[in-house]
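Secondary and tertiary structure notes
Here is what each chain is made of, one letter per residue.
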Amino acid sequence: MKLTKFLSVVVFITSFSVLYVYQQSEIFRLAYLGQKKQTTFDGLLDKNTALRYNIKKNSSLVNIGNRISGDNDFQMPDNYRFVKLISSKDGLRVADENQNKEGLLARIFSVNREAQAKTINP
């Protein structure tokens, strides 16, 4: 009887020790996993801060003003064209002064000009 009692106590202490070691190893494993996630989070937070700084810097009025200045070959148009809008039943439309002055034959046989955009290559 004493041998069975001794063996049961030894099995109980051994199983308790194994469970304690397993618990401690899981605590360390989860701590390392949490530390790795915290490092990843800190890196992403740093990248987010850098991106926010770049957005604020690029969208600042000073930077926009520097881009419009003479450094980037910004040019104002040589002539301006003002357009008069008049309201109609369909909504707003462009009032063309030349159209009202031309006659019926001039409208039929006239060649309409098309606007063409040209790029400026530095």
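Residues numbered from 1 in each chain as written. Predicted model: local features only at pLDDT ≥ 70, side-chain atom pairs only at ≥ 80, totals over all residues. Heavy atoms only, no water.

Attention now moves to the overall build of the chain. When helices and strands are counted, the chain shows four helices and two strands. The order of helices and strands in the chain, counted from the N terminus, is α-α-β-β-α-α. Taken across its 122 residues, the chain has 1% of its residues classed as buried. For the chain, the computed accessible surface area is about 12700 Å², with 61% contributed by carbon and sulfur atoms. (Helix = DSSP H or I, 4+ residues; strand = E, 2+ residues; numbered from the N terminus. Buried < 20%, exposed > 50% of the residue type's maximum accessible area, 1.4 Å probe, protein only. Areas by Shrake-Rupley, 256 points an atom, 1.4 Å probe, with all protein chains shown as cover.)

For the chain, the average pLDDT comes to 77, and 58% of its residues sit at 70 or higher. The weakest mean pLDDT in the chain belongs to helix α3 (residues 97-101) at 52; the strongest belongs to helix α1 (residues 2-58) at 92. (pLDDT = per-residue confidence, 0-100.)

On inspection of all chains with the given rule, the structure shows one salt bridge. Among the ionic pairs, Glu 26 bridges to Arg 29, the shortest N-O distance being 2.9 Å. With a gap of three residues between them, Glu 26 and Arg 29 both fall in helix α1, about one helical turn apart. For Glu 26, a relative accessible area of 22% gives the class partly exposed. We classify Arg 29 as partly exposed; its relative accessible area is 45%. (Salt bridge = Lys/Arg side-chain N within 4 Å of Asp/Glu carboxyl O.)

A word on a nonpolar patch on the surface. A cluster of nonpolar side chains, Leu 3, Phe 6, Leu 7 and Val 10, forms an exposed patch at the surface whose accessible area comes to about 400 Å². Mapped onto the elements of the fold, Val 10 is located in helix α1. Val 10 sits in the partly exposed class, given a relative accessible area of 34%. (Patch = residues over 30% accessible without salt bridge, like charges linked within 9 Å, V, L, I, M, F, W, Y side chains within 5 Å.)

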